[in-house]
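Single-letter residue listing:
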Amino acid sequence: MRGNKPITAITSISPTAVSMMVVYIIIALALLQLFIALLTNGFALSADEAMWHYIGRNWFRNGLIPYAGGVDNKSPLFFAVFGLSDKLFGVNYWFPRVLGTVCQSVGVYYIYRIADQIAGKRAGILAISFYGLSVLWHGADGRYSSYTETYEATFIIVSFYFFIRAQNKKSVFLSGFIAAIGLGFRLSAFFGIAAMVIASLRKGRGFTAVFCMGVLSGILFLALAGGLVGINLHDVFTYTLADNFGAGSTTDHGFLWRLVQFYDMFFYSEVILFYPLVLVYLFIKRKADWLVLWLILAFIGINVIGNYARVDLKDILPAMSLIGAFAVDHIVKIYNISMKQVMLIIWICFSPKIIEPFLNFKRLFTGEFQKAENFCHEPFIQPDESASRQLGRWVKANTTADEKVFVAGYGSQVQAYSERTSPSIYFNATQTQLAKERFFKDMKQNKPAMVLIPLFPEYKQYIDADLRLYVDDLVARDYYFDRCMFNYNVYKIRNK
């Protein structure tokens, strides 16, 4: 009878069967992630991935440590991922995404462990369904499992697991140490750490002290490891934090721009599916517990950074997924709803759109659809990842290994696939005052053998006039026009 025998109790299934169910779900989610990640972007590095690959390659292949061999606002720990990728497989887009998928799957597993620890196995299965599907959303840039948010989120999730189940000082210390590794991948992990510090105060000052010791020990470990390989800690501070605020920085956006991006991220994306579940959870709990605190601080972190890149949404998805799981678990238990029906609804509503991978699948057999002859005539369109890869390989074939190449504007993909070093550590446009001064100095000291200048209008739209004028004067004085390729004018140095 329905009234006497619940039809949804996962606890009635053997522990082995539940464990296998969890494994199957995680494998299915990982395969779905690989399908999305590998069949996208023209089978090439994205612009961001190309930056990280270039810096990592210069480190592992050419011995140029981060910030001496290229600048971006990420940490050396993350550049090492792409340096390893190049060391093992050369210029490729798939290894970082596969490795990111493995890391993300670890996060999915520990989301299950957290939910199981607090509310049982049914909540755990709900939680991994919510989290594993939501990180694949277009609204969270699910294509890019290789980005820093994947690693940061996973380490913070694991840290929270050891935090909530800590029975001794060793577990508390380990929680803090793991959180510090997450901070080493991305500074926004600070907000997850802050949530744990505040929550730890309820457990006593001793608990808080041990956790903070774990965090500080992790930071010290990373600093010592960086020092041993020659990384300048002042450079780390400058390029990952200090030079990322103010005019020309990545956070230099007006209020109206931020407002539009905020709306798009939080009201015009799939994340709205979680909002009713958050309200149910708050109605059930009637207080802000550690989970709500985690969500609030992660939300604050996104707004403090203020870039509103879609992938930033991954910072709030772990907390939202656990909140959603606990809310649904409560509803299932109270109203004795069929778990199969609930899971079917979740997988239908929360599954990502996968149109792009299906469209790209045929390109495995038809080859490149961006041909060189389709460019270098008006309108000058910006080349996509596929065309940028082809241009980079053309540059490699038409230069020697010791020649430097400069790609004006945001040309990191061309730079990465050319396998040539840039004359400046600012190989991809960075427009702070510090960056401009260093760029002018580098270009004066290291004249490249080849310069590529975009013809597409985005170059003038997004690159400051003084940078464009400097490059134009340089080629007018010391270079001759060679040809146009993929909507880039190619110039070669005279008397070479």
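Residues numbered from 1 in each chain as written. Predicted model: local features only at pLDDT ≥ 70, side-chain atom pairs only at ≥ 80, totals over all residues. Heavy atoms only, no water.

**Section: the overall build of the protein chain**
Operational definition: Strands are runs of DSSP state E lasting at least two residues, helices are runs of H or I lasting at least four, and both sets are numbered from the N terminus onward. Radius of gyration means the value over C-alpha atoms here, while the globule rule gives 2.2 Å times the residue count to the 0.38 power. Only protein chains enter the accessibility calculation, which uses a 1.4 Å probe; a residue is then buried when its area is under 20% of its type maximum, exposed when over 50%, and partly exposed in between. Residue contacts are counted whenever heavy atoms from the two residues lie within 4.5 Å of one another. Method for areas: the Shrake-Rupley scheme with a 1.4 Å probe, in which residue coverage is limited to the protein chains shown. Note that His is not counted, nor are the chain ends; the positive residues are Lys and Arg, and the negative ones are Asp and Glu. In plain terms, the charge of a residue is placed at NZ if it is Lys, CZ if Arg, CG if Asp and CD if Glu.
In terms of helices and strands, the protein chain carries 22 helices and four strands. Taken against the 2.2 N^0.38 rule, which gives 23 Å for 496 residues, the C-alpha radius of gyration of the protein chain at 25 Å falls within 12% of a compact globule. Each principal axis of the C-alpha distribution contributes one length, and for the protein chain these read about 90 × 55 × 45 Å. Counting the 496 residues in the protein chain, one finds 54% classified as buried. Here the contacts in the protein chain between residues at least 6 apart in sequence split such that 75% fall between residues at least 24 apart. Surface summary for the protein chain: the accessible area is close to 22600 Å², and the carbon and sulfur share equals 64%. For the protein chain, the separation between the mean place of its 47 positive charges and that of its 35 negative charges on side chains is 10 Å.

**A word on the pattern of salt bridges**
For the record, the criterion: Think of a salt bridge as a Lys or Arg side-chain nitrogen and an Asp or Glu carboxyl oxygen that are within 4 Å of each other.
Under the definition given, this model contains 19 salt bridges. Salt-bridge contacts for Lys 74 lead to Asp 72; the nearest nitrogen and oxygen are separated by 4.0 Å. With its nearest N and O atoms 2.6 Å apart, the salt bridge here joins Arg 122 to Asp 329. Taken together, the positions of Arg 122 in helix α5 (residues 121-134) and Asp 329 in helix α14 (residues 317-335) put the pair 207 residues apart, joining distant regions of the chain. Taken individually, Arg 122 and Asp 329 each receive the classification buried, so the pair is uniform in this respect. A network of salt bridges, in which partner residues are shared, links Arg 61, Asp 86, Lys 396 and Glu 419.

**Some words on helix α15 (residues 339-350)**
How we decide: Expected span, for any helix, means 1.5 Å times one less than how many residues it has. The arc in question is the one traced by the directions running from the helix axis out to the C-beta atoms.
In a regular helix each residue adds 1.5 Å, so twelve residues correspond to 16 Å; α15 covers 16 Å between its end C-alpha atoms and thus fits that length. Among the residues making up α15, those that are buried are Met 339, Val 342, Met 343, Ile 346 and Phe 350. In an axial view of α15, the angular spread of the buried residues amounts to 95 degrees, which keeps them on one side of the axis. More than 90 degrees from the buried face of α15, the exposed residues found are Lys 340, Gln 341, Leu 344, Ile 345 and Ile 348.

**Quick notes on the packing of aromatic side chains**
Inclusion rule: Ring pairs are drawn from Phe, Tyr and Trp, using the six-membered ring of Trp, whenever the two centres fall within 6.5 Å, and their geometry is named by plane angle: stacked under 30 degrees, edge-to-face over 60, tilted for the rest.
Here the structure, examined in full by the defined rule, presents 46 aromatic pairs. On the numbers, 5.4 Å between centres and 85 degrees between planes, the contact of Phe 163 with Phe 207 is edge-to-face. Of this pair, Phe 163 sits in helix α6 (residues 148-164) while Phe 207 sits in helix α9 (residues 205-228), placing them 44 residues apart in sequence. Judged by its relative accessible area of 3%, Phe 163 is buried. When its relative accessible area of 14% is taken as the criterion, Phe 207 is described as buried. Taken together, a centroid distance of 5.8 Å and an interplanar angle of 50 degrees make the contact between Phe 177 and Phe 221 tilted. Linking Phe 177 in helix α7 (residues 169-185) with Phe 221 in helix α9, this pair joins segments that are 44 residues apart in sequence. Three or more aromatic residues link up through ring pairs in this structure, and these residues are Trp 52, Phe 78, Phe 82, Tyr 144, Tyr 147, Tyr 151, Phe 155 and Phe 185.

**A short note on the packing of α6 against helix α8 (residues 189-200)**
Test applied: Here an axis means a line fitted to C-alpha atoms, over the contact stretch when the element is a helix, while the angle between two N-to-C directions is reported on a 0 to 180 degree scale. Just so you know how the angles are binned, under 35 degrees is roughly parallel, over 145 roughly antiparallel, 65 to 115 roughly perpendicular, and the rest oblique. Charged means Asp, Glu, Lys or Arg here, nonpolar means Ala, Val, Leu, Ile, Met, Phe, Trp, Tyr, Cys or Pro, and polar covers whatever is left, Gly included.
Between α6 and α8, the shortest axis-to-axis distance is 10 Å and the interhelical angle comes to 10 degrees. Compared by their axis directions, α6 and α8 come out roughly parallel. Contacts between α6 and α8 involve Glu 152, Ile 156, Ser 159, Phe 160 and Phe 163 from the first element and Ala 189, Gly 192, Ile 193, Ala 195, Met 196, Ala 199 and Ser 200 from the second. Residue composition of the contact of α6 with α8, by class: eight nonpolar, three polar and one charged.

**Some remarks on α9**
End to end, α9 covers 34 Å across 24 residues, agreeing with the expected 34 Å (1.5 Å per residue, within 8%). Residues of α9 that are buried include every one of Phe 207, Thr 208, Val 210, Phe 211, Gly 214, Val 215, Gly 218 and Gly 226, and no others. On its buried side, α9 packs onto α6, α7 and α8. Downstream of α9 by a residue or two, Gly 230 has a phi angle that is positive, lying close to 90 degrees.

**Some thoughts on the environment of Phe 155**
With respect to the secondary-structure elements, Phe 155 resides in helix α6. The partly exposed category is assigned to Phe 155, whose relative accessible area is 24%. Separated by 20 residues in sequence, Phe 155 and Ser 175 place their C-alpha atoms 9.4 Å apart. Excluding residues that lie within four positions of it along the chain, Phe 155 makes contacts with Ile 178, Ile 181, Gly 182 and Phe 185.

**Some details on the packing of α6 against α7**
At a minimum axis separation of 8 Å, α6 and α7 run at an interaxial angle of 170 degrees. Between α6 and α7, the angle falls in the class roughly antiparallel. Facing α6, whose interface residues are Thr 148, Tyr 151, Glu 152, Phe 155, Ile 156, Val 158, Ser 159, Phe 162 and Phe 163, α7 presents Ser 171, Leu 174, Ser 175, Gly 176, Ile 178, Ala 179, Ile 181, Gly 182 and Phe 185. Split into classes, the residues belonging to the contact of α6 with α7 amount to eleven nonpolar, six polar and one charged.

**Quick look at the confidence of the model for the protein chain**
Low pLDDT means the predicted coordinates in that region are not meant to be read closely. Test applied: Residue-level confidence of the predictor is what pLDDT reports, using numbers from 0 through 100.
Confidence along the protein chain averages 93 in pLDDT terms, with 97% of residues attaining 70 or more. Overall, residues 1-8 carries pLDDT values under 50, and its contacts beyond four positions in sequence, including any with other chains, amount to twelve contacts.

**Some words on the nonpolar core**
Counted only if it meets this: Remark: nonpolar core denotes a set of buried residues (Ala, Val, Leu, Ile, Met, Phe, Trp, Tyr, Cys) joined through side-chain atoms within 4.5 Å.
In this structure, Phe 274, Leu 291, Trp 294, Ile 316 and Leu 322 are the most contacted members of the largest nonpolar core, which totals 82 residues. Setting aside residues no more than four positions away along its own chain, Leu 322 makes contact with Ile 111, Ile 114, Ala 115, Ala 127, Leu 291 and Trp 294. If you look at the next biggest cluster of nonpolar residues, it comprises 25 residues, including Val 81, Cys 103, Tyr 144 and Tyr 151.

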